[in-house]
Amino acid sequence: MTDAPDHRPTMAGITIVDRMAQAMPVLLVPILLVLGFLAIGNPSSWLTLTVSGLAMGMMIFIMASGLTLVFGLMDVINFGHGAFISVGAFVGISVVLGLSQWAQAPSLVLNLCVVLLAVLAAMVVTGLLGWAFERVIVKPVYGAHLKQILVTVGGLIVIEQLIHVIWGPDEIFFARPETLKGAVTFWGAALEKYRLLAVAIGLVLFIAMRMVFRRTKIGLIVRAGVENGEMVEALGYRLRLVFVGVFIAGSALAGLGGVMWGLYQEVITAGMGEEMMILVFIVVIIGGLGSVEGAFIGALMVGLLQNYIAFLEPKLALISNIGLMTAILMWRPQGMKPVVKAK
Amino acid sequence: MLMTLISGDRPRSRVLTLILLAIFLGLLFAPFLFPGVRSLETAARISVFILLAASYDLLLGYTGVVSFAHTMFFGMGAYGVGLASQQMGRGFGALIVGSLAGAALAAAFAFVIALFSLRVRAIFFAMITLAVASAVAVLVSQLSQITGGEDGFTFQIPRALGPANRMGVFMGVSITGKILNYYLIFFMSLALFLLLLRIVNSPFGRVLQAIRENDFRAEAIGYRVVRYRTVATCISAAVAAMAGSLFALWLRYVGPDTTLSFEIMLDLLLIVVIGGMGTMWGAAIGATLMVLAQTYLQDLMGSAAEATEALPLLSRLLDPDRWLLWLGVLFILSVYFFPTGIVGRLRGGH
């Protein structure tokens, strides 16, 4: 019998530095907030900008979440996602315009009803559209990235042009429902009511999504599917069905984002989805492909940074997002929280 | 001799050879065969777009990388020539400096973008180029003191290339500087096209094709995939910028709509897919078809829309402004059912 080896195993805990590095993506948003506060210096303007940045970020997150999940699950990159944003906006705003009596009534309940109906209509239509899109456009080209990009770009164009055919070629201007106009004053900062609503909706949605992913079985399957699809299928789950479900949900979320963005801008164009896609892609890339939490952090950062920079140095605002993306990719080439293993 | 010129890349189909010959001769004798301002305009546009599509095919068809920034590079060349002519005054020096500067800038941009995106996953490239190209397009329209904003600006080209320079009559056509300009564009495009043909048929081009087919295996054999993809991106960007310079020279105008718009990007995608990805000949046929269709088919759609005015929906669908709709449908269908394009079909589906 030989003696046990002489050394003692040591259990080294994670050092503070490692812990910080792990938590860094989550800490980036508060850091950005503090930096913004220091750079702007004026608490009330800072608050106004922060709320508008958060509202913008939440809306971008709503649009981006579906895209990143679809990619994570099935390795499908959908350039046509922007079309759902536009369609959602047009359907939703049509509802708002159709119920203009309710929308112009100075009653909060009626106004919220209009918004709710608009959102529901938009989500149903874009969900159905997403289902058709998956069937017709995406399904035949699984596994071929090149063809996916080409075909989904084609789909984007066709849907955008169909919007022109149905709703006419001009942009549509409209007014928000009565009680959502204007701002409330808080500590000397003017906060637009609608932006507060947008932040609330975004937060609720994010928490709900997190709950679904962490607490339910379907969430577990989706998360597992993103990490290792083959294994999930080997366990007997039909990932294909899950994927179609996620695709439909993602499209419906894009529609929701479209309505909210339309109400925020008070003008809609057929090309708005395409324009938003740029930001959505940036968010998805810096968040890490397939990661909902990464997309959330990325969206907030993009929203906040764009608003701060637009206040501090308007000329730079145009390239602030590209700058942010470059910085993040230099720091973490896979994005902040990559979930998808290199396939 | 001819074989050396086309780098041994024969069309490999009799019909294809005839079509290509027709395109070549048509463009070569365009001022004499089809006199008139509009047809010369079309011929010049075809020459430039053949070159542009060929440079895009180097990326999409040969390397298997999707870029949405190709019009950005195209625009860099165009704005290079435009700004140089504006600042340095009209002259050939300005043209050369402008186009070289544009090409260098395009190659540098392509290098940086490639470094950031191709290093990780090729699919990043599509998204990042889309983001960067749109940012540049916005930037160009915002910096209106320099770029003329949305309106763009006109500039003067050397007197020798202008319509006022009359050099006599040949074969019943009065030879003006405009025709000289056309031939400058035609021969420059031809030379660069042959250069691209040389590149794709070199060992370097072979490696690109290997990467397209299976990048993992190419890496395993010992080729640095990222390096090859990056070099291909830079070459493609520089040639696209050259095409942009030629286009600006022809139009004597640069603006976002003619050089940077997303619509041109879609035209390019369609040209390469319909013509046949992975063959330079496909780019030539696709570009010719596309420009001809754009020039003459849109008129046809206009009259069709008028004819069907009684049916509101149909008439709206046929409106010339909805040109993109049909382009999109055609695009999807050709990716599904026609993946090898016209060239692949003519070669008998090899």
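Not measured: the values here are computed from a predicted model.

**Side note on the overall build of chain B**
Working step 1: A tally of regular secondary structure across chain B gives 18 helices and four strands.
Working step 2: Against the globule reference of 20 Å for 350 residues, chain B gives a C-alpha radius of gyration of 20 Å, in line with a compact fold.
Working step 3: Projected onto its principal axes, the C-alpha coordinates of chain B cover approximately 60 × 55 × 50 Å.
Working step 4: When each of the 350 residues of chain B is scored for burial, the buried share is 48%.
Working step 5: Pairs at least 24 apart in sequence give 73% of the contacts found in chain B among residues at least 6 apart.

**Regarding the overall build of chain A**
Working step 1: Regarding its fold elements, chain A presents 13 helices and four strands.
Working step 2: A globule of 343 residues ought to have a C-alpha radius of gyration of about 20 Å, and chain A, at 22 Å, matches this closely.
Working step 3: C-alpha extents for chain A along the principal axes are approximately 90 × 55 × 35 Å.
Working step 4: In chain A, of all internal contacts separated by at least 6 residues, the share reaching a separation of at least 24 is 79%.

**Thoughts on unusual backbone geometry**
Working step 1: Residues other than glycine seldom take positive phi values, yet Glu266 of chain A does so here, at roughly 60°.
Working step 2: Structurally, Glu266 of chain A can be placed in the loop between helix 10 (239-265) and strand 4 (267-268).

**Description of the interface of chain A and chain B**
By a widely used convention, the size of an interface equals the accessible area lost when the partners come together.
Working step 1: Taken together, the contact pairs 32 residues of chain A with 35 residues of chain B.
Working step 2: The element that contributes the greatest number of residues to the side of chain A that touches chain B is helix 6 (residues 145-167) of chain A, accounting for 15 residues.
Working step 3: Each residue belonging to the side of chain A that touches chain B can be placed in one class, and the counts come to 24 nonpolar, seven polar and one charged.

**Considering the packing of helix 5 (residues 108-138) of chain A against helix 6 of chain A**
Residues and elements named next belong to chain A.
Working step 1: Across the interface, helix 5 lies against helix 6 with an axial gap of 10 Å and an inter-helix angle of 130°. One element, helix 5, and the other, helix 6, form an angle in the oblique class. Relative to helix 6, helix 5 is oriented so that their crossing is right-handed. Each of Phe133, Ile137 and Val138 in helix 5 lies in contact with helix 6, whose residues at this interface are Val151, Thr152 and Gly155.
Working step 2: Looking at side-chain class alone, the contact of helix 5 with helix 6 contains four nonpolar, two polar and no charged residues.

**Quick look at the nonpolar core**
Working step 1: Grouped together as the largest cluster of nonpolar side chains are 224 residues, with contacts concentrated most on Ile60, Val280 and Val283 of chain A together with Ala53 and Ala106 of chain B.
Working step 2: With residues near it in sequence (within four places) discarded, Val283 of chain A still touches Ile60, Ala64, Ala295, Gly298, Ala299 and Val302 of chain A.

**Observations regarding the packing of helix 4 (residues 37-63) of chain B against helix 14 (residues 262-275) of chain B**
All names here are of chain B.
Working step 1: With their axes 9 Å apart at the nearest point, helix 4 and helix 14 run at an angle of 75° to one another. Here helix 4 is positioned roughly perpendicular relative to helix 14, judged by the angle of their axes. On the side of helix 4, the interface is formed by Phe49, Leu52, Ala53, Tyr56, Asp57, Leu60 and Gly61, while helix 14 contributes Leu268, Ile271 and Val272.
Working step 2: Its residues assigned to classes, the contact of helix 4 with helix 14 comprises eight nonpolar, one polar and one charged.

**Focus: the pairing of strand 3 (residues 173-176) of chain B**
In regular strands, side chains alternate between the two faces of the sheet.
Residues and elements named next belong to chain B.
Working step 1: Pairing of strand 2 (residues 166-170) with strand 3 involves three bridges; the strand directions are antiparallel. Bridging across to strand 3, Arg166 finds its partner in Thr176.
Working step 2: Between strand 2 and the antiparallel strand that follows it, strand 3, lie two residues; Met171 among them carries a positive phi value of about 55°.

**Some thoughts on helix 7 (residues 193-215) of chain A**
Working step 1: Taking 1.5 Å per residue as the helical rise, helix 7 of chain A with its 23 residues ought to reach 33 Å, and the 32 Å between its terminal C-alpha atoms agrees with that figure.
Working step 2: Packed against the buried residues of helix 7 of chain A are helix 2 (43-74), strand 3 (189-192), helix 10 and helix 12 (292-312) of chain A.

**Description of the environment of Val51 of chain A**
Residue and element names in this part refer to chain A.
Working step 1: Topologically, Val51 is positioned in helix 2.
Working step 2: Measuring from C-alpha to C-alpha, the distance between Val51 and Leu110 comes to 25 Å, with 59 residues separating the pair along the chain.
Working step 3: The residues touching Val51, leaving out its near neighbours within four places in the chain, are Leu191, Arg195, Leu196 and Val199.

**A look at the UniProt feature "transmembrane region" (unreviewed entry) in chain B**
Residue and element names in this part refer to chain B.
Working step 1: Those places that UniProt annotates as "transmembrane region" (unreviewed entry) correspond, in this numbering, to residues 49-79, 91-116, 122-140, 180-200, 230-254, 266-293 and 323-344.
Working step 2: In the segment residues 180-200, helix accounts for 100% and strand for 0%; the C-alpha atoms at its two ends are 30 Å apart.
Working step 3: The distance separating the terminal C-alpha atoms of residues 323-344 is 26 Å; by composition the span is 86% helix and 0% strand.

**With respect to the pairing of strand 3 of chain A**
Working step 1: The pairing of strand 2 (residues 183-186) of chain A with strand 3 of chain A spans four bridges and is classified as antiparallel. Bridging across to strand 3 of chain A, Phe186 of chain A finds its partner in Ala189 of chain A.

**Thoughts on the confidence of the model for chain B**
Residues and elements named next belong to chain B.
Working step 1: Per-residue pLDDT for chain B averages 86, and the proportion of residues at 70 or more is 99%.
Working step 2: No element of chain B has a lower mean pLDDT than helix 16 (residues 312-317), which averages 71, and none a higher one than helix 12 (residues 225-251), which averages 93.
Working step 3: At the level of chain-chain contacts, confidence expressed as ipTM amounts to 0.82, with global pTM at 0.86.

Conventions adopted
Residues numbered from 1 in each chain as written. Chains lettered and ligands numbered in written order. Predicted model: local features only at pLDDT ≥ 70, side-chain atom pairs only at ≥ 80, totals over all residues. Helix = DSSP H or I, 4+ residues; strand = E, 2+ residues; numbered from the N terminus. Rg over C-alpha atoms; globule rule 2.2 N^0.38 Å. Buried ≥ 20, exposed ≤ 12 C-beta atoms within 10 Å, placed from the backbone. Contact = placed C-beta atoms within 7 Å. Nonpolar A, V, L, I, M, F, W, Y, C, P; charged D, E, K, R; others polar. Axes fitted to C-alpha atoms, helices over the stretch in contact; angles between N-to-C directions. Parallel < 35°, antiparallel > 145°, perpendicular 65-115°, else oblique. Left-handed = near helix turned anticlockwise from the far one by under 90°. Core = buried A, V, L, I, M, F, W, Y, C linked by C-beta atoms within 7 Å. Pairing = 2+ DSSP bridges. Expected span 1.5 Å × (residues − 1). UniProt positions renumbered as here; feature names shortened; annotations may be inferred. pLDDT = per-residue confidence, 0-100.

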